[in-house]
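# A closer look at the structure
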Amino acid sequence: MTAPILRRLDGLRTRTAAWRRAGETIAVVPTMGALHAGHLSLVEAAKAACDRVIVTIFVNPKQFNNAEDLANYPRTEHEDAAKLAPYGVDAIYVPDPDQIYPDGFASTVAVTGSITDVMEGPFRPGHFEGVATVVAKLFLQTSADKAFFGQKDYQQLMVVTRMARDLDIPIEVVGCPTVREASGLAMSSRNLRLSEAALTQAAVLYATMQTAATGAAQGEPWSALEAEARRALAAAGFGEVEYFDLRCAESLKALDYPDRPARLLAAAWLGDIRLIDNIEVAQVQR
Ligand code: PAF
């Protein structure tokens, strides 16, 4: 059954209030649309966890640091609603822009410090403020009990978790595993812009990350593994590799060895598409 598409906050609130009165729990899956199997896995997790599920679709201009990326971002509302139909979600909230940023809107939610000072933070100025601001609004507008995000955007997951905790928003942020193509490429709405050939090339990023993660888990120093990975990516036709880092999974501090829970996080350009990905790295005793 196709879920109702709600474009105004008052309509959303009427429904959530009725669900609350009936003692039902609410999950939200925030998205920017162009839904793929990764998003649908979040919807499944949300359905399993709560009585009611709201999927939000809003291409948030404040989190794009690049006007061209915003203009080219896929907008596929009709297809998105069709993809959601088999899941029986309770509402698709596609807010009109003024429901998120009314005239005179002047507030920003900024998560500062070690989790935003690195990687995506410096490479995408203003991005995390845009994410934290819109996600804070979506949490408050939906009054959900749980929110589901992909681990593909690992730093984003940390930012929204910190933001909800810092602002006492009573919501549990749940991170779900990255869903990959058979080639290993992490699913992303931006993949829609990759040609057949570029899709094959893009899979080299994950393969290179796995090789480096295996080396790290065998005790090889990160500096050598990173240099080798950068060479492999250049040879495969990648442009700039913005970062290819081994970091503590909790503090995001750079590591030479995975001597605590660690992740490998990378961002690299393939033609005019920027790919990001991350994987867990097995811990070594030192
Ligand atoms: O991950 C995304 O799609 C977006 O950053 C989010 C969380 C929906 C906020 O606009």
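About the cut-offs
- Residues numbered from 1 in each chain as written.
- Predicted model: local features only at pLDDT ≥ 70, side-chain atom pairs only at ≥ 80, totals over all residues.
- Heavy atoms only, no water.
- Helix = DSSP H or I, 4+ residues; strand = E, 2+ residues; numbered from the N terminus.
- Rg over C-alpha atoms; globule rule 2.2 N^0.38 Å.
- Buried < 20%, exposed > 50% of the residue type's maximum accessible area, 1.4 Å probe, protein only.
- Areas by Shrake-Rupley, 256 points an atom, 1.4 Å probe, with all protein chains shown as cover.
- Pairing = 2+ DSSP bridges.
- Axes fitted to C-alpha atoms, helices over the stretch in contact; angles between N-to-C directions.
- Contact = heavy atoms within 4.5 Å.
- Core = buried A, V, L, I, M, F, W, Y, C linked by side-chain atoms within 4.5 Å.

## Focus on the overall build of the chain
Along its length, the chain carries 10 helices and 9 strands. Against the compact-globule benchmark of 19 Å for 286 residues, the chain has a radius of gyration of 19 Å, which places it among compact chains. The principal-axis extents of the C-alpha atoms in the chain amount to approximately 55 × 40 × 40 Å. The buried share of the chain, taken over its 286 residues, is 51%. Of the accessible surface of the chain, which amounts to about 12,900 Å², a share of 52% is contributed by carbon and sulfur atoms.

## Quick word on the sheet that holds strand S9 (residues 273-281)
Strands sit in the order S7-S8-S9 across an open sheet of 3 strands; the sheet is antiparallel. Taken across any chain shown, the strands that pair with only one partner, and hence form the sheet edges, are strand S7 (241-248) and S9. On average, adjacent strands in this sheet sit at an angle of 10° to one another, irrespective of strand direction. Relative to strand S8 (residues 262-270), S7 runs antiparallel, the two being bridged by 7 bridges. Residue pairing in the sheet places Val-241 in a bridge with Ala-268 of S8. Those strands touched by helix H9 (residues 196-217) are S7, S8 and S9, and its axis lies near 30° from that of S9. The strands that helix H10 (residues 222-235) touches are S7 and S8; relative to S7, the one it contacts most, it runs at about 150°.

## Structural notes on the nonpolar core
One finds Val-135, Phe-139, Phe-149, Met-163 and Ile-171 to be the most contacted residues of the largest nonpolar core, which totals 43 residues. For this core, the secondary-structure elements that each account for two or more residues are helix H1 (9-21), strand S2 (26-31), strand S4 (91-93), helix H7 (127-142), strand S5 (146-150), helix H8 (154-166) and S8. With 8 residues, the top contributor of residues to this core is H7. Dropping the residues within four chain positions of it, Met-163 is found in contact with Val-109, Val-111, Ala-132, Val-135, Ala-136, Phe-139 and Ile-169. Ranked by size, the runner-up nonpolar core spans 29 residues in total, among them Ala-212, Trp-222, Val-241 and Ala-266.

Nothing here speaks to function; it is geometry throughout.
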